[in-house]
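If you want the building blocks of each chain, they are given just below.
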2 protein chains.
Amino acid sequence: MEDIRLIEIKEAILSENKHLADEIRHCLTRDKTFMLNLMSSPGSGKTSLILRTIEKLKGEFRIAVIEADIDSMVDAEKVAARGVRAVQLRTGGFCHVDARMVEKGLKPLDVKELDLVIIENVGNLVCPAGSDTGAHKNAMILSVPEGDDKPLKYPRMFQVSDALVVNKIDYLHAADFSVQAVKQQAMFLNPDVVVFETCCRTGEGIDSWSHWLETQLLDFLAC
Amino acid sequence: MEDIRLIEIKEAILSENKHLADEIRHCLTRDKTFMLNLMSSPGSGKTSLILRTIEKLKGEFRIAVIEADIDSMVDAEKVAARGVRAVQLRTGGFCHVDARMVEKGLKPLDVKELDLVIIENVGNLVCPAGSDTGAHKNAMILSVPEGDDKPLKYPRMFQVSDALVVNKIDYLHAADFSVQAVKQQAMFLNPDVVVFETCCRTGEGIDSWSHWLETQLLDFLAC
């Protein structure tokens, strides 16, 4: 019998992606541009949180947003209406943003002239967690109407996120949702995670979140 | 309002894939190695057709097979047992073979010492049709138990295939399947398609199929 060579494609492609992501991170660090990758289910409030964040930090930092959507430009238009540069990646069915897509998204941006790039990932709690984008930090949103069992169901997303934003806390009175339980589970999965409670609609909690992001940025720029 | 840049990711990635596929095809042509990409639904008889083809052409040509499977090595073992070199791509969930995977699959093979490489694509009538592998010719199998409505449901697959193998014709007596209707629909979608009727179990029709492939190979090698 002749020999058989076995090639693990998924690992090979993930390792290629990791390699490119590391390269992107390296170049951004050299150019003093901080990149945040924001993930969540569809409709958890990624765009709203980005708009609130722009409001808070726009005076202090030069910001751009890379929006990923299966097939629309609505979010990019909302961001651009705030006077911030937006790149819309129309993924055409791809379920997450990978490093190759980020490379394309960064190309039209003059990265050296930016302090902060925010990636709004595709709405999905599974695939984005497995694919390094080249961002310096990952943040995720869990909105109250989604239920407090999500850390048990999607542990990987909670493990890779540096910050967890529990959004739509105005629904807490109506929902059977324990912020305390989510915090405990998230910190069990990821002891370093920082948790925020927000309501993007009213602006509640946005100060703490923005302050955390500002601190990350200032620490990064001071290096 | 700041400007928005729109980037079509799917098109960009498909065009990158096309570029790499063209490069692979170019190198194989230079090295006088013909590559065939074999596609079908799961269980239509791809491995059986490859084993029958090896039997027929092994004496005349130096053959290797690139097997793609979500998570097994069974097919590669069957091929290797016939004394033919096999590379197993374990796709780990990817639904089709793209040019990057083929590039990895060709690497352990000494391509210059081969006349024919057959890719057994992932069992799927949709995604493989959209992704150029770098092969010189595409072939697809439609097995009788799948039904004769497949050209209407998966037209792209029939459009990109140079040869259509209608397999498991021993089921024709039991199934409501019109080979004539399939031929007509396939030729409407792709006027140049060549159609074969086979039964890999008994070997019926394998001569015509092998003869076609042999002719493709000889024409290619004569160039």
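This section reports on the structure supplied with the text. (Residues numbered from 1 in each chain as written. Chains lettered and ligands numbered in written order. Predicted model: local features only at pLDDT ≥ 70, side-chain atom pairs only at ≥ 80, totals over all residues. Heavy atoms only, no water.)

## A closer look at the overall build of chain A
From N to C terminus, chain A includes 8 helices and 8 strands. Overall size of chain A, expressed as C-alpha extent along the three principal axes, is 70 × 40 × 35 Å. Counting across all 223 residues of chain A, residues that qualify as buried make up 53%. In chain A, of all internal contacts separated by at least 6 residues, the share reaching a separation of at least 24 is 74%. For chain A, the accessible surface area stands at approximately 9,800 Å², while carbon and sulfur atoms represent 51% of it. (Helix = DSSP H or I, 4+ residues; strand = E, 2+ residues; numbered from the N terminus. Buried < 20%, exposed > 50% of the residue type's maximum accessible area, 1.4 Å probe, protein only. Contact = heavy atoms within 4.5 Å. Areas by Shrake-Rupley, 256 points an atom, 1.4 Å probe, with all protein chains shown as cover.)

## Things to note about the side chain of B:Asp75
Within the fold, B:Asp75 resides in helix H3 (residues 74-81). In this structure B:Asp75 touches B:Thr47, B:Glu67, B:Asp69 and B:Glu120, once residues within four positions along its chain are discounted.

## Some points on the interface of chain A and chain B
With 34 residues of chain A at the contact, the number on the chain B side is 34 residues. Across the interface of chain A and chain B, roughly 3,500 Å² is buried in total on both sides, 63% from carbon and sulfur atoms. Viewed at the interface, chain B and chain A are joined by 6 salt bridges. Across the pair B:Arg90 and A:Glu8 runs a salt bridge, and its minimum N-O distance is 2.3 Å. Across the contact surface, chain A and chain B share 16 residue pairs in polar contact (both at pLDDT 80 or more). When contributions to the side of chain A that touches chain B are tallied by element, the ones reaching two or more residues are strand E1 (4-8), helix H1 (9-30), helix H3 (74-80), strand E4 (85-90) and helix H4 (99-106) of chain A. When residues in the side of chain A that touches chain B are grouped by element, the largest group, 6 residues, is from E4(A). Partitioning the side of chain A that touches chain B into residue classes produces 18 nonpolar, 5 polar and 11 charged. Here E4(A) runs beside strand E1 (residues 4-8) of chain B; their pairing, made up of 5 bridges, is parallel. Bridged to A:Arg90 within E1(B) is B:Glu8. (Buried area = accessible area lost by both parts, 1.4 Å probe. Salt bridge = Lys/Arg side-chain N within 4 Å of Asp/Glu carboxyl O. Polar contact = N/O pair within 3.5 Å; in protein donor to acceptor, adjacent residues only side chain to side chain. Nonpolar A, V, L, I, M, F, W, Y, C, P; charged D, E, K, R; others polar. Pairing = 2+ DSSP bridges.)

Remember, this is a structural readout, not a statement about activity or role.
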